[in-house]
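Okay, here's what each chain looks like letter by letter:
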Amino acid sequence: MSITDTAFQECINPDCGAEFDCGQALFKCPKCGELLDARYNWDRIEVPGKLSDFAARWANRSNRLDFSGVWRFRELLNFCEDKYKVTIGEGQTILQQNDAVAQYVDMKPGCLYLQYEGLNPSGSFKDNGMAAAFSHAKMVGVKSCACASTGNTSASVALYAHSCGMKCTVFIGSGRIAFGKLSQSMDYGAQTIQIRGDFDDCMRQVQDVCTKLGLYLLNSLNPFRLEGQKAIMYRIIEGLGWEVPDWIVVPGGNLGNSSAFGKAFYELKQLGLIERIPRMAIINATGADTLTDLVNSKKLAWNNGRVNQAIIDDYYADLTARNFSPHTCASAIEISRPVNLKKCLRSIDICNGVVRAVTDDEIRDAKAIIGKHGLGCEPASAATIAGLRHLRAEGIIGADERVACVLTGHALKDPNVTVNYHKQKQGKFSNPPVEAPNDLDEIIKLIR
Ligand SMILES: *Cc1c(COP(=O)(O)O)cnc(C)c1O
Ligand SMILES: [Zn+2]
């Protein structure tokens, strides 16, 4: 095994600050139990002088690393040698300017952009993270891996595991997974274990299973996965002609994305590659709104890394006492104990972030609008547009600010929510099918 001297792992707890080399698969600080970050010795990395220098890689797309929408930014996540880098062509995504959706949220034409991550190989943004995490797994010689999942992590893990020749086991909550996603993990050959419980139960179990059996964990506790997800922000900047937007809007589930995005901007600023950091809005569903509650009501904050743990402990003790299980039609964010909570608080601090929760009805309506006028997406992704609508109404986001919403997953991931919305006329934008007799004249009368 060869470990580069360009990167290391560091505990996010400033009172601990323990450091480890990248040759270890840890997932939590062995000294204090907190989350770990991937950190870089930037002076040992040849980072391009300006972001637009990365554009030169487009001309070299026969090189698999230059083709990858993650690895073409490889100097910014330089934790392993090229020979370990895994890619199946992730990150060929687009940033779509969308005036019809802008109108729905009361924004001026030309201001709203949708970063469509549904174009990834497994149909969600998770592939960005897996390209990086599986590269780390290869570097440390992993044979078997596992994850807990609301669906998209398992689909992505299953796909990457087989392309790397690794065994994988995925844990999903019984009845809590969208059909498209379940079909993927089975089709891609993962061992799929349905636990009688919700995502948070799966998350607890998988950590113990991984520790006991020495499996490599691919949830967003894995710091290298989050390194890959930084690339979503690089591509938004790329899509804006190497300019930074005013706002990033992202759904909040386990809070890996929001954590990764804040870190990405912090590093770009530190490297002098951007001049200002955009603000961030993180959107929960009201049925799974731990972050919103903790930040807006309980005033939980990063506080230079000294997060008030008692507030979190009390909150979770209350969830347990009430036997609370989160519920939302946006199954990808149906999580009540987000593992990256503290890193997300750090991102809120870095990006002067705000947090909101939106109802399932708002999510379904927003999803129909995105479907009708854009590229379509799954419910969790549509939470961004529903949340943006709130923030516009409150005047927190201006009508002429430049906003990029991350549409995290493909529309076909969750056909049930879509079909029910339209067939059962659940919302303002339902477009139900029309019943017709098998008769030409009658059919012609129905065409509008
Ligand atoms: C995983 C996922 C989320 C939640 O992202 P976090 O990084 O866990 O907050 C949102 N939307 C989709 C489609 C997902 O697959
Ligand atoms: Zn520590």
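Each remark here, short or long, concerns the structure printed above.
A short tour of the structure in this document, coming up. (Residues numbered from 1 in each chain as written. Chains lettered and ligands numbered in written order. Predicted model: local features only at pLDDT ≥ 70, side-chain atom pairs only at ≥ 80, totals over all residues. Heavy atoms only, no water.)

1. A closer look at the layout of surface pockets
Empty space left among the atoms is revealed by rolling a probe the size of a water molecule over them.
Here comes step 1: Of the voids in this model, the largest pocket is the one considered here, and its volume is about 470 Å³.
Here comes step 2: Lining the largest pocket are 20 residues, with K28, Y316, R337, P338 and V339 positioned closest to its centre.
Here comes step 3: Mapped onto the lining of the largest pocket, the elements with two or more residues apiece are α6 (199–213), α10 (309–321) and α11 (341–351).
Here comes step 4: Looking at side-chain class alone, the lining of the largest pocket contains nine nonpolar, four polar and seven charged residues.
Here comes step 5: A volume near 380 Å³ is recorded for the second largest pocket.
Here comes step 6: Forming the boundary of the second largest pocket are 18 residues, of which E10, D37, R39, Y266 and R346 lie nearest the centre.
Here comes step 7: Secondary-structure elements contributing two or more residues to the lining of the second largest pocket are β1 (7–11), β3 (36–40), α8 (256–270) and α11.
Here comes step 8: Sorting elements by how many residues they give to the lining of the second largest pocket places α8 first, with four residues. (1 Å grid on protein atoms, 1.4 Å probe; cavity = no way out; pocket = protein on both sides within 12 Å on 5 of 7 lines; lining within 4 Å. Points joined across faces, edges and corners; volume = space filled by probe spheres on them. Helix = DSSP H or I, 4+ residues; strand = E, 2+ residues; numbered from the N terminus. Nonpolar A, V, L, I, M, F, W, Y, C, P; charged D, E, K, R; others polar.)

2. Topic: the site of ligand 1
Here comes step 1: The full set close to ligand 1 counts 16 residues, and K126, N152, G253, N257 and T408 are the nearest of them.
Here comes step 2: The contact in question runs from an oxygen atom of ligand 1 to an N or O atom on the side chain of N152, over 2.7 Å.
Here comes step 3: In the model, an oxygen atom of ligand 1 is placed 2.8 Å from a nitrogen or oxygen of the G253 main chain.
Here comes step 4: Here ligand 1 loses 97% of its free accessible area of 380 Å² to cover by the protein chains.
Here comes step 5: Judged by the fraction of its atoms near the pocket grid, ligand 1 is located in the largest cavity.
Here comes step 6: For the shell around ligand 1, the per-class residue count stands at six nonpolar, eight polar and two charged. (Near = heavy atom within 4 Å. Polar contact = N/O pair within 3.5 Å; in protein donor to acceptor, adjacent residues only side chain to side chain. Areas by Shrake-Rupley, 256 points an atom, 1.4 Å probe, with all protein chains shown as cover. Sits in = over half its atoms within 2 Å of the grid points.)

3. With respect to the side chain of Q229
Here comes step 1: Tracing the backbone through its elements, the reader meets Q229 in helix α7 (residues 223–239).
Here comes step 2: Setting aside its immediate chain neighbours within four residues, Q229 contacts F125, N128, G129, G256, N257, A260 and F261. (Contact = heavy atoms within 4.5 Å.)

4. Things to note about the sheet that holds strand β8 (residues 191–195)
Here comes step 1: Read across the sheet, four strands follow the order β8-β7-β6-β9 without closing on themselves; strand pairing throughout is parallel. Across the chains shown, the open sheet's two edge strands, defined by having one partner strand only, are β8 and β9 (216–217).
Here comes step 2: Relative to β8, strand β7 (residues 167–173) is paired through five bridges, and the arrangement is parallel. Note that in β8 the partner of T169 across the bridge is Q191.
Here comes step 3: Contacts from helix α4 (residues 152–163) reach β6 (144–149) and β7, with the element oriented near 165° to β6.
Here comes step 4: Relative to β6, α6 is tilted by about 160°, and along the sheet it contacts β6, β7, β8 and β9. (Pairing = 2+ DSSP bridges. Axes fitted to C-alpha atoms, helices over the stretch in contact; angles between N-to-C directions.)

5. What to know about empty space enclosed by the protein
Here comes step 1: Counted according to the given criterion, the structure contains three cavities of 30 Å³ or more.
Here comes step 2: Each pocket or cavity is described by its volume, and for the largest cavity that value is around 270 Å³.
Here comes step 3: Along the wall of the largest cavity there are 26 residues; nearest its centre are F125, K126, G253, N254 and A332.
Here comes step 4: Where the lining of the largest cavity is concerned, the elements lending two or more residues are β6, α4, α7 and α8.
Here comes step 5: The volume enclosed by the second largest cavity comes to roughly 40 Å³.

6. Examining the pattern of salt bridges
Here comes step 1: The tally for this structure, following the rule as stated, stands at 28 salt bridges.
Here comes step 2: For D66, the salt bridge identified is with R57, shortest N-O distance 3.4 Å. In terms of burial, D66 and R57 fall into one category: buried.
Here comes step 3: Salt-bridge contacts for R356 lead to E394; the nearest nitrogen and oxygen are separated by 2.7 Å. Of this pair, R356 sits in strand β12 (residues 354–358) while E394 sits in the loop between α13 (379–393) and β13 (403–407), and the two are 38 residues apart along the sequence. (Salt bridge = Lys/Arg side-chain N within 4 Å of Asp/Glu carboxyl O. Buried < 20%, exposed > 50% of the residue type's maximum accessible area, 1.4 Å probe, protein only.)

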